[in-house]
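Geometric and topological summary
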Amino acid sequence: MNKILPALVLGTVAVMPAGAVVDKNFNYHVDRFADIEVLRYEVPEFDRLTLNQKKMLYYLGEAAQMGRDIIWDQNGIYNLQVRQLLENIYRNYKGDRDSKDFKAFEKYLKQVWFGNGLHHHYSTDKFTPGFSEAFFTAAVKALPADMLPLADDETAEAMLAKLTPVIFDPTVMPKRVNQDGSQDVVVTSANNLYGPGVTQAEVEEYYNKLKNPADPRPVSYGLNSRVVKDEKGNISEEHYHLTGLYGPAIAQIIYYLDKAKEYADNDAQKAYITKLIDYYITGDLRLFDEYSILWAEDTKSDVDFVNGFIESYGDPLGMTGAWESYVNFRNNKSSDRTHKISSNAQYFEDNSPVDKRFKKEKVKGVSAKVINAAMLAGDAFPATAIGINLPNSNWIRAEHGSKSVTIENITEAYEMASHGNGFNEEFVIDAPTRKMLDDWLYITDMLHTDLHECLGHASGQLLPGVDGDALKENGSTLEEARADLFALYYLADPKLQELGILENPDAYQAEYYKYMMNGLMTQLNRIELGKDVEEAHMRNRQLIAKWVLEKGKKKGKGGKDVVELVKKNGKTYVRINDYKKMRELFGNLLAEIQRVKSEGDYKGGNDLVQKYAVKIDPKLHKEVLTRFSTLDIPPYRGFINPVYTPVTGADGEITDITISWPESYAEQMLRLSDQYSPLTGKVKAHK
Ligand code: ZN
């Protein structure tokens, strides 16, 4: 679990701290449909980059966008064909574009763009079209023959017969990632990471044969491949590389990585770009590990990037990496903050409320910086994370450390776009608490992310002989809880004032209030009535909030509850009566969860998760949904990218790169499909 998803998407409001460098007139809002809002993000400090750095950023951005088709195809075997078909209808439709059917079609296409395919990016459920099958059939038949994206030897009728149930039948490919362990999760997941007919048992057997349990430095098996079965029933991997699967897209990525390399910040960076290109050429996972080590150890470069098959959330077996890219550069002002935190990592480890046996004697490999995203792509686009911690390989993390980053301009955009959306007025108990959130939530939220990423995940150790996977299906939830609790505990520590990171010793209360309100109430907005909490980060937040609610009964000052749910005018609110005691409780739970992890106590962990993290009070759930529905706050948000344009001099040399935000959501998506679609044969000419 190495990316932080934005809890704030719900729309917690905070104003910027005085002195923050933002353009007050910047328009964050781009589009709104279904459960989605699309935003744009600013790129602060872009102007401070040198021409070489801008060029590097530009070429890395091109390399990023050239991978877009890969994630579409990984997400589902028909996604690219459906995308071309829908876009051609969208461009060519000659009927009434204000009709109900066309409006529903447009909404559906926007959802498909956002999901990088036919399934929701978060729930992974298939989208339900709001237009009729008759409308769709007529629109396809009205297309000129050269606008039908037919597969080899396919007739228009055959394509229509194939794709109609894929789009309209809710029982066909219903979920992209099925994690219901009582079923064959490979067969029942609609992604394209496993070929037709391949079963979970076959995949597991295949990899068990490949793996050598005695290897202390194993490659990340399956990271860059699709597992297929031939007519004889033999299982094999189709690797993603230059002359393999996704070759045409990988060729474009390599071309632009090579251009970017010319402008690398230093030799170390040049070396790992070369290594990454070698890996893309061969598909050799050992080269990817070598690249990852060089990348993790480069903490100097200003412009930086991720480009590859990285996170495995999209694979029910957690092996294959979804293609993604982040291009970014250091946010100097805020990196100063995380530098102070990570250079004091040992202090935080030594003073945590955890049993000594479970602490690291020497905390290693905590490197952290704050970045500005400059280009998001693949699985990180349009929905994106606010923090990342890579590489994912466990032995590389243990031996070489990892890079932990907080993406400041994305967090900033979420916050700014939420301002004035009515959320705080609806859910925060009173005006003084709202004022406190306005004043302090922005900075404490950022700090929470920093502490979670730089210290939380890196802290603690397993007792000798304990299996890292002992907590099984609760592993992610408990790991996220551990990191969150570490962050919550230290947000209230005077060390932060001593280090000059947070001026007001009471500022932490803003984050505490938000955390409890979110964990007990407002995050329920993302869940359908009648369902349980499923996603690991959401389970973790509810676990912590409900545990503290229960354990704090009558334990606050004057015998009051530390935190309580109170009714005002028939509405439920969180009231916190004793913030100091709350910190103590966070510390107690941190100690307990660290014990569970260190001892590999499956039962202890499972009891916590089952008791606090999963179940929802249906009455409160309904109330939260009703109150949200009056606000029109989208549960999910994502971004379009800025446009970078090279300015060329008389001799054709690039003299500058400009940044602008000229496009609507649909315009950007259509342009990407036109110019950055190597797998459908549409690529702009190299200059
Ligand atoms: Zn985390």
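Residues numbered from 1 in each chain as written. Predicted model: local features only at pLDDT ≥ 70, side-chain atom pairs only at ≥ 80, totals over all residues. Heavy atoms only, no water.

Across its full length, the chain holds 24 helices and 17 strands. Taken over the C-alpha trace, the chain has a radius of gyration of 25 Å; the compact-globule value for 687 residues is 26 Å, and the two agree within 12%. Look at the contacts in the chain between residues 6 or more apart in sequence, and 74% of them connect residues 24 or more apart. Accessible surface, the chain as shown: approximately 27,200 Å² in total, 51% of it carbon and sulfur. (Helix = DSSP H or I, 4+ residues; strand = E, 2+ residues; numbered from the N terminus. Rg over C-alpha atoms; globule rule 2.2 N^0.38 Å. Contact = heavy atoms within 4.5 Å. Areas by Shrake-Rupley, 256 points an atom, 1.4 Å probe, with all protein chains shown as cover.)

Glancing now at the coordination of the zinc ion. The coordination sphere of the zinc ion, as far as protein atoms go, consists of His452 (NE2), His457 (NE2) and Glu480 (OE), spread over 2.1 to 2.2 Å. The motif formed by the donor residues of the zinc ion, counted along the single chain, is H-x4-H-x22-E. Of this pair, His452 sits in helix 16 (residues 431-456) while Glu480 sits in helix 17 (residues 475-491), and the two are 28 residues apart along the sequence. Look at His452 and you get buried, because its relative accessible area is 3%. (Donors = N, O, S within 2.8 Å, 3.2 Å for Na, K, Ca; no water. Buried < 20%, exposed > 50% of the residue type's maximum accessible area, 1.4 Å probe, protein only.)

Glancing now at the environment of Lys229. With respect to the secondary-structure elements, Lys229 resides in strand 4 (residues 225-229). Separated by 34 residues in sequence, Lys229 and Gly195 place their C-alpha atoms 6.7 Å apart. For Lys229, the contacting residues outside a window of four places in its chain are Pro196, Gly197, Val198, Glu202, Asn234 and Ile235. A polar contact of 2.9 Å, which involves the side chain of Lys229, links it to the backbone oxygen of Gly197. Within the structure, Lys229 has its side chain in polar contact with the side chain of Glu202 (distance 2.9 Å). (Polar contact = N/O pair within 3.5 Å; in protein donor to acceptor, adjacent residues only side chain to side chain.)

The next subject is the packing of aromatic side chains. The relation between two aromatic rings is expressed through the spacing of the ring centres and the mutual angle of the planes. Applying the stated rule across the entire model yields 43 aromatic pairs. Ring geometry for Phe288 and Tyr291: centres 5.6 Å apart, planes at 35 degrees, overall tilted. Here Tyr291 and Phe288 lie together in helix 10 (residues 285-297), a separation of three residues that amounts to about one turn. Three or more aromatic residues link up through ring pairs in this structure, and these residues are Phe33, Tyr90, Tyr93, Phe102, Phe105, Tyr108, Trp113, Phe131, Phe135, Phe136, Phe168 and Tyr665. Between the NZ or CZ atom of Arg83 and the centre of the ring of Trp72, over which it lies, the distance is 4.9 Å. One Lys or Arg, Lys403, reaches over the ring of Trp295 and ends 4.1 Å from the middle of that ring. (Phe/Tyr/Trp six-rings, centres within 6.5 Å; stacked < 30°, edge-to-face > 60°. Lys NZ or Arg CZ within 6 Å of the ring centre and 35° of its normal.)

Bringing the nonpolar core into the picture now. By size, the foremost hydrophobic cluster in this structure holds 126 residues, and its most contacted members are Phe136 and Leu257. The leading source of residues in this core is helix 4 (residues 100-115), at eight residues. Excluding residues within four positions of it along the chain, Leu257 makes contact with Leu60, Ala63, Ile273, Leu276, Ile277, Tyr280, Phe305 and Asn307. In terms of nonpolar packing, the next biggest core, distinct from the first, is built from 80 residues, Val354, Met516, Trp547 and Tyr612 among them. (Core = buried A, V, L, I, M, F, W, Y, C linked by side-chain atoms within 4.5 Å.)

In the contact formed by helix 19 (residues 508-520) and helix 20 (residues 536-551), the axes pass within 8 Å of each other and the chain directions differ by 105 degrees. Here helix 20 runs roughly perpendicular to helix 19, going by the angle between their axes. Contacts between helix 19 and helix 20 involve Tyr515, Met516, Asn518, Gly519 and Leu520 from the former and Asn540, Arg541, Gln542, Ile544, Ala545, Lys546, Val548 and Leu549 from the latter. When the residues that make up the contact of helix 19 with helix 20 are grouped by side-chain class, the tally is seven nonpolar, four polar and two charged. (Axes fitted to C-alpha atoms, helices over the stretch in contact; angles between N-to-C directions. Parallel < 35°, antiparallel > 145°, perpendicular 65-115°, else oblique. Nonpolar A, V, L, I, M, F, W, Y, C, P; charged D, E, K, R; others polar.)

Looking now at the side chain of Gln594. Within the fold, Gln594 resides in helix 21 (residues 579-599). A relative accessible area of 1% places Gln594 in the buried class. Apart from residues no more than four positions distant in its own chain, Gln594 is found in contact with Val354, Phe358, Ser459, Gly460, Gln461 and Arg482.

Read these as spatial facts, not as claims about activity.
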